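Descriptive analysis of the structure
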Amino acid sequence: MVSMDILVIGAGPTGLTAAVALTSVGLKCRIVERKNSPSELSRAVGIMPATIDALRELGAAAPFLAEAMPLRKMHILRDERTLVYIDNSGNEFRDRVPLGLPQNRTEGILRDILAERGVEVEYGVSVTNITTTPDKAAVNFSDNTSASFDWVIAADGIQSAVRQQLKIQYPGIDLPNKWSIADVDLRGSFDPEEIALDLYGGEGEFTLVLPIERRRARIASSTEDALATLRLPIEIADIRRTAAFKISIRQAETYRKHRVLLAGDAAHCHSPVGGKGMNLGMADAIAAASAIANGAVDSYSTSRHEAGESVVKKTELARKLISSSNPLAKSALWLSAHCIASVPPVHRAFMRQWTAV
Ligand SMILES: Cc1cc2nc3c(=O)[nH]c(=O)nc-3n(C[C@H](O)[C@H](O)[C@H](O)COP(=O)(O)OP(=O)(O)OC[C@H]3O[C@@H](n4cnc5c(N)ncnc54)[C@H](O)[C@@H]3O)c2cc1C
C-alpha cells in the first residue's frame, strides 16, 4: 500500500472509529484531540447492530459485544399505563437489538484497540488552522507545530472549526426548547434489557429510561429536568450526572473540500430520538477511511450526504411524532405502537429500520 500522511481531528466516537478503520487497512494516522484527557461523560448510549456489523469487519466488535447491554424489550407506557410491550428475546431479533453502552466506554474500547495497533491519541493538541488545495492539507497545531497531510478526516464535532475555516455551510434549524438527561445508578428490581418509554401530558412530553449497565440507566426527557418529571417506577441510588441541552437539525452542504473529509457531528446533527447520531458518525468514519484507502474519495461526499439526509429526515419525523401535542399525531403514534407490537411484518419492518444506520 502507498504510504500516506493522514490526520484525524477529534477523538470522539467518529474520530476514533476513523483511526481504527484506517489501521484495519494497514494505514497509520495521527489523531489529535483538543481535550487534555478522555471524557468520563456520555452523550450517546446506544450502539446499533449495523454498527456492530461494521466494527466486526474491522476486527473490533468483540469487546463491544462483551460489555454492552442488549436491549431486547421495549415497554411503551401512556400516562403510566402499559400501551404496548415488545419482547425480542425469543424472535429473530434476539441478537439484532440496540446495545446500551455509555459513550465514554465506546470511546475507551476504540482507544484500547488503537493502542494495540500502535496509535496513541495526542491529547491536549488542537488544530488551530487548516487550509487545503487539490493536493494537500496544511495544518497548524496548538503546540505551535505545523504539518502537511495527504488526507484529513475532520471529526471535530458539531461546532467544527475545520468546517468553518473551510467555509462549508451547515444549514438547518435550532429548536427553542431544552431536553434533558440524567445518568443514574439504580437499586431494587430493574430489567437491564428493557427500554421504558413513558408518553404523557398534553404537550407531547416523554421520559425514556434506557439501561447502560446492569444497574445504571440513562433517563432522557423532553422537559428541562429529567428527574423532576420522572414518573416511571425506578429506585435511584445515586445520580451520576444531569444535563439539559438544545437540539439542532443541520447538515453540511458538502462532506469534502479537496483533501479534507468531514465526518460525524461535524457533518450532521439531529435530535437523539432513535439513537442514531453516533452510529451515523461511525459509519461516516469507516466510509472515509475506506475511500482514502481505495482512492475512491470522489463519491464519499455524495454517498454520505445521502445517508445522512435520510437519517436526519427519519429522525425528525420520529421526533415530531413523539413530541407532538396534536391529537391526530398522538393517535398515529398509538396506532403505530400497537401495530409494531401485534402485526409481525410491521414489527419486522420497524426493527430493521430502527437498527440500521
Ligand atoms: C443527550 C444526547 C444523547 C445522545 N444519544 C445518542 C444515542 O443514544 N445514540 C447515538 O447514536 N447518538 C446519540 N447522540 C449523538 C452523539 O452523542 C453524537 O452524534 C456523537 O457524540 C458525535 O460524535 P463525534 O465524534 O462526531 O463528535 P464529538 O463526540 O463531539 O467529538 C468531537 C471531538 O473533537 C474534539 N475537537 C473539537 N475541535 C477540535 C480541534 N480543533 N482540534 C482537535 N480536536 C477537536 C472535541 O474535543 C471532541 O472530543 C446523543 C447526543 C446527545 C446530545
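Refer to the preceding data block for the structure.
As a starting point, this report considers the structure included with it.

With that out of the way, let us pick up the sheet that holds strand E4 (residues 69–70). Whenever strands of a sheet pair, they do so through backbone hydrogen bonds, lying parallel or antiparallel. Pairing within the open sheet is antiparallel, and its three strands lie in the order E3-E7-E4. If you trace the sheet from one side to the other, it starts and ends with strand E3 (46–47) and E4, each paired once. The pairing of E4 with strand E7 (residues 99–100) spans two bridges and is antiparallel. Residue pairing in the sheet places methionine 69 in a bridge with glycine 100 of E7.

Attention now moves to the nonpolar core. Leu7, Ile31, Leu55, Ile130, Val152 and Ile292 are the most contacted members of the largest nonpolar core, which has 66 residues in total. Here this core gets eight residues from one element, more than from any other, and that element is helix H6 (residues 277–294). When sequence neighbours within four positions are dropped, the list of residues in contact with valine 152 reads Leu7, Ile9, Ile130, Ala137, Val139, Arg259, Val260 and Leu261. Grouped together as the second largest cluster of nonpolar side chains are 33 residues, Leu71, Ile76, Ile181 and Ile195 included.

With that out of the way, let us pick up the environment of serine 160. Structurally, the position occupied by serine 160 is in the loop between strand E12 (151–154) and helix H5 (161–165). Taking the C-alpha atoms as reference points, serine 160 and leucine 262, separated by 102 residues in sequence, lie 9.1 Å from one another.

Okay, the site of the ligand next. In the neighbourhood of the ligand, 31 residues make up the surrounding shell, with Thr14, Glu33, Arg43, Asp265 and Met278 lying closest. Between the ligand and the protein, one listed contact pairs an oxygen atom with a side-chain N or O atom of arginine 43 at 2.6 Å. Measuring from an oxygen atom of the ligand, one finds a side-chain N or O atom of aspartate 265 at 2.7 Å. Ranked by residues supplied to the shell around the ligand, first place goes to H6 with three residues. Looking at side-chain class alone, the shell around the ligand contains 12 nonpolar, 11 polar and eight charged residues. A domain-level breakdown of the shell around the ligand finds at least three residues from each of domain 1 (6–66 + 102–173 + 248–319) and domain 2 (70–98 + 175–246 + 324–355).

With that out of the way, let us pick up the packing of H6 against helix H7 (residues 300–322). Look at H6 against H7: their axes get within 11 Å of each other, and the N-to-C directions meet at 170°. If you check the angle between H6 and H7, you find them roughly antiparallel. Together, Leu280, Ala283, Asp284, Ala287, Ala288 and Ala291 of H6 and Tyr300, Arg304, Ala307, Gly308 and Val311 of H7 make up the contact between the two elements. When grouped by side-chain class, the residues that make up the contact of H6 with H7 number eight nonpolar, one polar and two charged.

As a further point, take the environment of glycine 46. Among the structural elements, glycine 46 can be located in strand E3. According to the relative accessible area criterion, glycine 46 is buried, its value standing at 14%. Between the C-alpha atoms of glycine 46 and alanine 287, which are 241 residues apart in sequence, the distance is 20 Å.

Procedures and definitions
- Per chain, residues are indexed from 1 in the order of the written sequence.
- For a predicted model such as this one, the threshold for reporting local features is a pLDDT of at least 70, and the threshold for listing and counting side-chain atom pairs is 80 or more; totals across whole chains, interfaces and linings nevertheless cover every residue.
- Only heavy atoms go into the side-chain values, all of them from the structure, while hydrogens and water stay out.
- Pairs of strands are assigned from DSSP output, requiring at least two bridges between the strands.
- In DSSP terms, a helix is any run of H or I states spanning at least four residues, a strand is any run of E spanning at least two, and both are numbered starting from the N terminus.
- Throughout this description, the term nonpolar core refers to a set of buried Ala, Val, Leu, Ile, Met, Phe, Trp, Tyr and Cys residues connected via side-chain atoms within 4.5 Å.
- Exposure is judged per residue with a 1.4 Å probe applied to protein chains only, and the accessible area is read against the type maximum: over 50% gives exposed, under 20% gives buried, and values in between give partly exposed.
- Every residue pair with non-hydrogen atoms within 4.5 Å of one another is taken to be in contact.
- The rule for a residue being near a molecule or strand is that one of its heavy atoms must lie within 4 Å of it.
- Polar contact is defined as a pair of N or O atoms within 3.5 Å, subject to the rule that within protein one atom must be able to donate a hydrogen and the other to accept it, and that residues adjacent in sequence are counted only when both atoms are side-chain atoms.
- For this classification, Asp, Glu, Lys and Arg are treated as charged, while Ala, Val, Leu, Ile, Met, Phe, Trp, Tyr, Cys and Pro are nonpolar and the rest, including Gly, are polar.
- Domain start and stop positions are those given by an automatic or database domain assignment.
- Comment: axis = line fitted to C-alpha atoms, over the contacting stretch for helices; angle = value between 0 and 180 degrees taken between N-to-C directions.
- Angular relationships are summarised with four words: roughly parallel below 35 degrees, roughly antiparallel beyond 145, roughly perpendicular across 65 to 115, and oblique for the angles in between.

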